[in-house]
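The residues making up each chain are set out below.
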Amino acid sequence: MKYLKRSAGYVVLIVMLLFLQAYCDLSLPDYTSRIVNIGIQQQGIEDGVPEKLRAATMDSLKLFMSEDEVNEAENAYIREDEIYFLKEDIDGEARQRLNDAFGKPMLILSGLTQGGEESQAMLSQMGLPEGSDPLEVIAGMPEEARGQITSAMEAQFEEMPESIVTQAAVAFVRGEYEALGEDVDAIQMDYIKSAGIRMVLMALLIMAASVSVVFLSSRVAAALGHDIRGDVYRKVIGFSSNEYHKFSTASLITRSTNDVQQVQQTMAMMFRIVLYAPILGLGGVLRVLQTNSSMTWILGVGVALILVLIGMLFAIAMPKFTKLQTLIDKLNLVTREILTGTLVIRAFSREKHEEERFEDANRTLTRTNLFVNRCMTFMMPCMMLIMNGISVLIIYNGSYAVDGGNMQVGDMMAFIQYAMQIIMAFLMITAMSIMLPRANVAALRIVEVLETKNTLEDPEKPEEPRADVRGTVEFDHVSFAYPDAGENVLTDISFKAERRQTLAVIGSTGSGKSTLVNLIPRFYDATEGSVRVDGLDVRSMSQKDLRERLGYVPQKGVLFSGTIDSNIRYGKTDISDQEVKEAAMIAQAADFIEEKSHKYQSPVAQGGTNVSGGQKQRLSIARAIAKKPEILIFDDSFSALDFKTDRTLREALKQHTKDTTTIIVAQRISTILGADQILVLDDGKMAGLGTHKELMKSCEVYRQIAMSQLSEEELANE
């Protein structure tokens, strides 16, 4: 979550847009309910409060109103001639009081004036003779008697549902409008059009908010992925060989690509679903309670069933989610091995074996993926069954409420929509449950890389060598063992190479030659003793400063995609074209470069696959020379060169790098005969140190190596 701080403004804007979208989404069912209840059932008349009515009608209604209700009505209307007009500044509370005041008087007045059996029954209950005008009789009664009649009539309506009273009042208002000559059909159509236009505008607002949220969340997630990838890359680049051994290359690639992608996609969905679902769900619950709280138990049943279903699926599928990323690692590892070792596989006719190995990893990953997806596929039909079952249950219970007059049809429709929105919120969270466990595993794997402590750290206060001490390399009783290894690879190594000297390291395979030179650029730290460059322990210098002084040519030449020119300039980009050509000439690479059609601008494929082994090695040597370092390290870098090129290259090196200290690891005696010092290693220990002549006399190991490669006559000539 700390990465989201950089996009805090966007996150706040997204949350605001989600609230806006939820408000609009939750408003649509209310508009649907209004269109059905008011627009269709009540024919566009909202309640029992008429916008205008005749003075005679108002006087008749006042007969059945209390004194307070009469005052409320008189204050709400303005009389012009024989018509009362409702004031425009009436607020919602005042209108509700008027609706309550007009409701039962309108019901009584309708019963008395409509004629028929019901009217006669009401007259007989009031003790009025048949054929008399009830309103004239009641108007002529004392106020106390009139109040008793009104109370008796209202008592009959006490058990009548409020919705029926409202419907009766609305019918009375419609009749009044007709009496006034109003076009009641136009009133109905105007209301439906007005509500419909509001719904369309709400839908457009929802669309705009939704599109904005998708755009902004994608932007935030992309920035998050960019930052995480950058941090993982910088962390991995700073790893020592110890950390590389802990994580395989295939795993590091998966973590910085596939795992980051999982987190990025999940974060984008988090804003669109995980944040939105609770807002929509809670809003829906509040709206449901406002609509009809008697059926909320149905929602409780639906949510409980969904939670049980999710719990069951998670218990089954969660272990497989954790396993998925490991299986992707394994597939990447097998694929990488096969692709990099294609020539060897073909040479040993092992294509069938490798195909089976790949197919095994692929099949295991596919089976796990299918299992997880089948679980989640099973979830969707179950969710839809629950949703449809809830709809049926609401309609079943709601139909009784509508029949009893306790609920209107529009309210039931709104309740269904709110219920679907609430369940849809849970459904969205469930859909995220497919991504969250896998993203969680991916995030943990990324964190594992980011929290791995580097074994090679720069000192808090790095030291810099004195300006007058340059080009020296010294090993002082150095021993080294790889992490978790039982034995030392190097034991008690001591020597010193002065500036302008050439130190050669020779020994049998596995004697520790490459390990020794890897301690100089601090690819590893010595476990005992100290390695000094320019008079300072390499652990007291910054790694950047140390490596700026070195030119390193690895045992296996490594080139980068680009051109020959860009590869030679790799260590020092600001050198001139002449210096590039000079480095190529010293490395004996100029001849084959000049033969190419584009010369120094000739393309180099990834890993240098479009040049031969010898050419790759010479370009690697040219890259180190072009840097013009204090110390040149060649880790068996002449092995792919023929004897003639080897000899010419060494002579050119001696001539053009006089001020440079050179350390050469070699297998061939002919490569190191002219060295100022030769260090002989045998099983990680020093077997001898001196010149060729001195070692031929004093070191049996060196003598055996020399005699195995050169004849006595050649040795005598040397």
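Structure: above.
Rules and cut-offs
- Residues numbered from 1 in each chain as written.
- Predicted model: local features only at pLDDT ≥ 70, side-chain atom pairs only at ≥ 80, totals over all residues.
- Heavy atoms only, no water.
- Phe/Tyr/Trp six-rings, centres within 6.5 Å; stacked < 30°, edge-to-face > 60°.
- Helix = DSSP H or I, 4+ residues; strand = E, 2+ residues; numbered from the N terminus.
- Buried < 20%, exposed > 50% of the residue type's maximum accessible area, 1.4 Å probe, protein only.
- Axes fitted to C-alpha atoms, helices over the stretch in contact; angles between N-to-C directions.
- Parallel < 35°, antiparallel > 145°, perpendicular 65-115°, else oblique.
- Contact = heavy atoms within 4.5 Å.
- Nonpolar A, V, L, I, M, F, W, Y, C, P; charged D, E, K, R; others polar.
- Pairing = 2+ DSSP bridges.
- Patch = residues over 30% accessible without salt bridge, like charges linked within 9 Å, V, L, I, M, F, W, Y side chains within 5 Å.
- Areas by Shrake-Rupley, 256 points an atom, 1.4 Å probe, with all protein chains shown as cover.
- Salt bridge = Lys/Arg side-chain N within 4 Å of Asp/Glu carboxyl O.
- Lys, Arg positive; Asp, Glu negative; His and termini not counted.
- Charge placed at Lys NZ, Arg CZ, Asp CG, Glu CD.

Thoughts on the packing of aromatic side chains
The tally for this structure, following the rule as stated, stands at 8 aromatic pairs. With a centroid separation of 5.2 Å and 85 degrees between ring planes, the pair formed by Tyr-482 and Tyr-524 is classed as edge-to-face. Of the two residues, Tyr-482 sits in the loop between strand S4 (473-480) and strand S5 (490-497) while Tyr-524 sits in the loop between helix H17 (513-518) and strand S7 (528-533), which places them 42 residues apart along the sequence. Of the residues examined, Tyr-524 reaches a relative accessible area of 8% and is grouped as buried. A centroid spacing of 4.5 Å and a plane angle of 10 degrees characterise the contact between Phe-560 and Tyr-570, whose relative ring orientation is stacked. With Phe-560 in the loop between strand S9 (550-553) and strand S10 (562-563) and Tyr-570 in the loop between helix H19 (564-568) and helix H20 (577-586), the pair connects residues that are 10 residues apart, well separated along the chain.

Quick word on the packing of H20 against helix H23 (residues 643-656)
When two helices pack together, their arrangement is given by the angle between the helix axes and the distance between those axes. Contact pair H20 / H23: the axes reach a minimum separation of 9 Å and the direction vectors enclose 135 degrees. By the criterion of interaxial angle, the relationship of H20 to H23 is oblique. Residues Glu-582, Met-585 and Ile-586 of H20 lie in contact with H23, whose contacting residues are Leu-649, Ala-652, Leu-653 and His-656. In the contact of H20 with H23, the residues fall into 5 nonpolar, 1 polar and 1 charged.

What to know about the pairing of S7
Pairing of S4 with S7, which is carried by 5 bridges, proceeds in the antiparallel orientation. Note that in S7 the partner of Phe-475 across the bridge is Val-531. Taken together, the 2 bridges between S7 and strand S8 (residues 536-537) define a ladder with antiparallel strand orientation. Residue pairing for S8: Arg-532 is matched across the bridge by Asp-537. Hairpin geometry of S7 and S8 is characterised by an intervening segment of 2 residues between the two adjacent antiparallel strands and by a positive phi of about 55 degrees at Asp-534.

What about a positive patch on the surface?
A contiguous patch of positive charge on the surface is contributed by Lys-323, Lys-330, Arg-363 and Arg-367. Looking at the positive patch, the elements with two or more residues in it are helix H13 (296-340) and helix H15 (351-403). Secondary-structure assignment places Arg-367 in helix H15.

Overview of the sheet that holds strand S2 (residues 77-80)
The strands making up a sheet associate through hydrogen bonds between their backbones, and the pairing can be parallel or antiparallel. Overall, antiparallel pairing links the 3 strands, which are arranged S1-S3-S2 in an open sheet. Only two strands of the sheet have a single partner each, and these edge strands are strand S1 (52-54) and S2. Within this sheet the neighbouring strands show an average axis-to-axis angle of 25 degrees, counted without direction. The pairing of S1 with strand S3 (residues 83-86) spans 3 bridges and is antiparallel. For Lys-52, the partnering residue across the bridge sits in S3 and is Phe-85. Along the sheet face, helix H2 (residues 55-62) touches S1, S2 and S3 and points at about 85 degrees away from the line of S1. Contacts from helix H3 (residues 67-76) reach S2 and S3 within the one sheet, and its direction differs from that of S2 by about 65 degrees.

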